[in-house]
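Fold and geometry: a report
Residues per chain are reported as follows:
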Amino acid sequence: MSRRLKVVQWTTGKTGSAAVRGIVGHPVLELVGCFAWSPDKVGRDVGELCGVEPLGITATDDVDALLALEPDCVVYTAYRPDFDHLERILASGANVVATMYMLSGHGYGDEPSRRLRDACEKGGSSLYTSGIYPGHAPMVALAASAMSRRIERISVLESLDITGYANEQMFRAQGFDLEPDDPEAARRCEASCGSFKDQIPVMARALGVQLDGIGFTAEYALADDHTDFGFMTVGKGRIAGFRGTISGLVQGRSVIECRFVWKLGEAMTPNWPVTDGYVIEIEGDPGVRVKIEAIDGHLDGATTTAMPVLNAVPAVCAAPPGTVNQMGLPFVTGAGQLR
Ligand SMILES: NC(=O)c1ccc[n+]([C@@H]2O[C@H](COP(=O)([O-])OP(=O)(O)OC[C@H]3O[C@@H](n4cnc5c(N)ncnc54)[C@H](OP(=O)(O)O)[C@@H]3O)[C@@H](O)[C@H]2O)c1
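Because the structure is a prediction, the values reported are computed rather than measured.

Side note on the domain arrangement of the protein
What the domain assignment reports for the protein is domain 1 (5–130 + 312–328) and domain 2 (133–299). Spacing between the C-alpha centres of domain 1 and domain 2 amounts to 26 Å. Contacts between the two partners involve 13 residues from domain 1 and, on the opposite side, 19 residues from domain 2. Among the residues domain 1 hides against domain 2, the three largest losses belong to Lys-14, Tyr-79 and Tyr-101. Together they make up 43% of the total. Inspection of the domain 1/domain 2 interface yields zero salt bridges.

As for the sheet that holds strand E11 (residues 239–250)
A sheet is described by the order of its strands in space; here seven strands give the open sequence E13-E8-E11-E12-E7-E14-E15, paired in mixed fashion. At either margin of the open sheet sits one strand with a lone partner, and together these are strand E13 (268–269) and strand E15 (288–293). With six bridges connecting them, strand E14 (residues 277–285) and E15 associate as antiparallel partners. Bridge pairing in E15 links Tyr-278 to Ile-292. Running at roughly 125° to strand E8 (residues 213–223), helix H8 (residues 183–192) makes contact with E8, E11 and strand E12 (253–263) of the sheet.

Things to note about helix H6 (residues 132–145)
A large share of H6 lies buried, amounting to 11 of its 14 residues. Taken together, the buried positions of H6 are Ile-132, Tyr-133, Pro-134, Gly-135, Ala-137, Pro-138, Met-139, Ala-141, Leu-142, Ala-144 and Ser-145. For H6, the secondary structure elements touched by its buried residues are strand E7 (150–161), helix H9 (194–207), E12, E14, E15 and helix H10 (301–310).

Regarding the pairing of strand E5 (residues 95–98)
What you see with E5 is no split at all: Asn-95 and Val-97 on one side and Val-96 and Ala-98 on the other are buried throughout. The pairing of strand E4 (residues 73–76) with E5 spans four bridges and is parallel. Each residue of the ladder has a partner; that of Cys-73, found in E5, is Asn-95. With helix H4 (residues 83–91) bridging E4 and the parallel E5, this β-α-β connection has right-handed handedness. Where E5 meets strand E6 (residues 126–129), three bridges bridge the pair, whose relative direction is parallel. Counterpart to Val-97 in the pairing with E6 is Tyr-128.

Notes on the nonpolar core
The tendency in soluble globular proteins is for nonpolar side chains to be buried side by side. Counting 46 residues, the largest nonpolar core has Phe-176, Phe-196, Ile-256, Phe-260, Trp-262 and Leu-264 as the members making the most contacts within it. For this core, the secondary-structure elements that each account for two or more residues are H6, E7, H8, H9, E8, E11, E12 and E14. In terms of residue count, the dominant contributor to this core is H6 (seven residues). Those residues in contact with Phe-176 that lie beyond four places of it in its chain are Ile-162, Phe-171, Met-232, Ile-239, Ala-240, Gly-241, Phe-242, Trp-262 and Leu-264. In terms of nonpolar packing, the next biggest core, distinct from the first, is built from 31 residues, Val-20, Val-46, Met-307 and Val-332 among them.

Criteria and cut-off values
- Residues numbered from 1 in each chain as written.
- Predicted model: local features only at pLDDT ≥ 70, side-chain atom pairs only at ≥ 80, totals over all residues.
- Heavy atoms only, no water.
- Domains from an automatic or database assignment.
- Contact = heavy atoms within 4.5 Å.
- Buried area = accessible area lost by both parts, 1.4 Å probe.
- Salt bridge = Lys/Arg side-chain N within 4 Å of Asp/Glu carboxyl O.
- Pairing = 2+ DSSP bridges.
- Helix = DSSP H or I, 4+ residues; strand = E, 2+ residues; numbered from the N terminus.
- Axes fitted to C-alpha atoms, helices over the stretch in contact; angles between N-to-C directions.
- Buried < 20%, exposed > 50% of the residue type's maximum accessible area, 1.4 Å probe, protein only.
- Right-handed = clockwise from strand over helix to strand, strands pointing away.
- Core = buried A, V, L, I, M, F, W, Y, C linked by side-chain atoms within 4.5 Å.

Here it is as structure tokens:
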């Protein structure tokens, strides 16, 4: 690559801060600007916001000023997509890598997808989504699937005590701390699995499988005691854990599964064990199991979410315009990170 690619970071929350830490020192990326959603972050140094040394780049909410920097790519890690912003970015010619569920291009419905597609066409730009899960863990599963001569089912399990992620807004949106008989609990849990529903058709296409439906099941674990986690509380008898499966179905048979166990702490019934990572299983001949876990026992979810999108930036910038997913890019690796 003859020059570094100019990137703008869009928000500095958990994933965004990890992205900035990944851009600093990245072999081919150069941070040139940063968007702040929170008014109190505007005007502050991005390094200071993200836990690194001052970078001399000030966070701003001025979209035009950021686009005037002519970034090659925007690293979009906002809590929720702002489709007006995304449309402007893509139409300006800047590519976007994101961590929310737009893998298939339809994760947020037809109208936003059409707007983003049109913006890509206008700007000659590409939109790519990844992360750890959805995103890279299923890519590892697809790579593993190549070792079997017959596959009955492929599954990816995310199994985590998520307390350390400390994201009250996200956890409440998932349904944590609701009463189990509150209809909102099932609704929120299923809504928060939209990203998995978006992942399954991408895997099906990669495996050459025609699905005839997507299923969803979930169950709850209830807190044994009232617990204050510091960033939020969970009341006794309220939801402290979820376990569920999103299934890609062929003639009623579950053939592709995105599974999850999410827990806040241990004091709950039932207290499902967690593996603190990802377990991929290819059931077939031969059956294959792959585990993704941290060597030091602590999987840093923000970094493992941010790096698969950062490491994809050169390929996304080189991709033809439109929504691209992992199947449309060269296999994303840590190229250049071996130092
Ligand atoms: N694929 C994966 O593996 C994976 C894993 C984790 C998360 N994610 C997704 O990645 C995205 C970022 O996750 P995160 O945990 O980093 O989120 P976060 O820290 O809660 O929020 C990211 C930033 O979004 C802005 N923000 C806060 N509330 C907002 C709202 N109501 N509407 C719009 N923007 C808001 C803030 O920007 P400022 O910093 O400017 O204030 C915040 O710091 C989410 O969509 C999440 O679902 C994906």
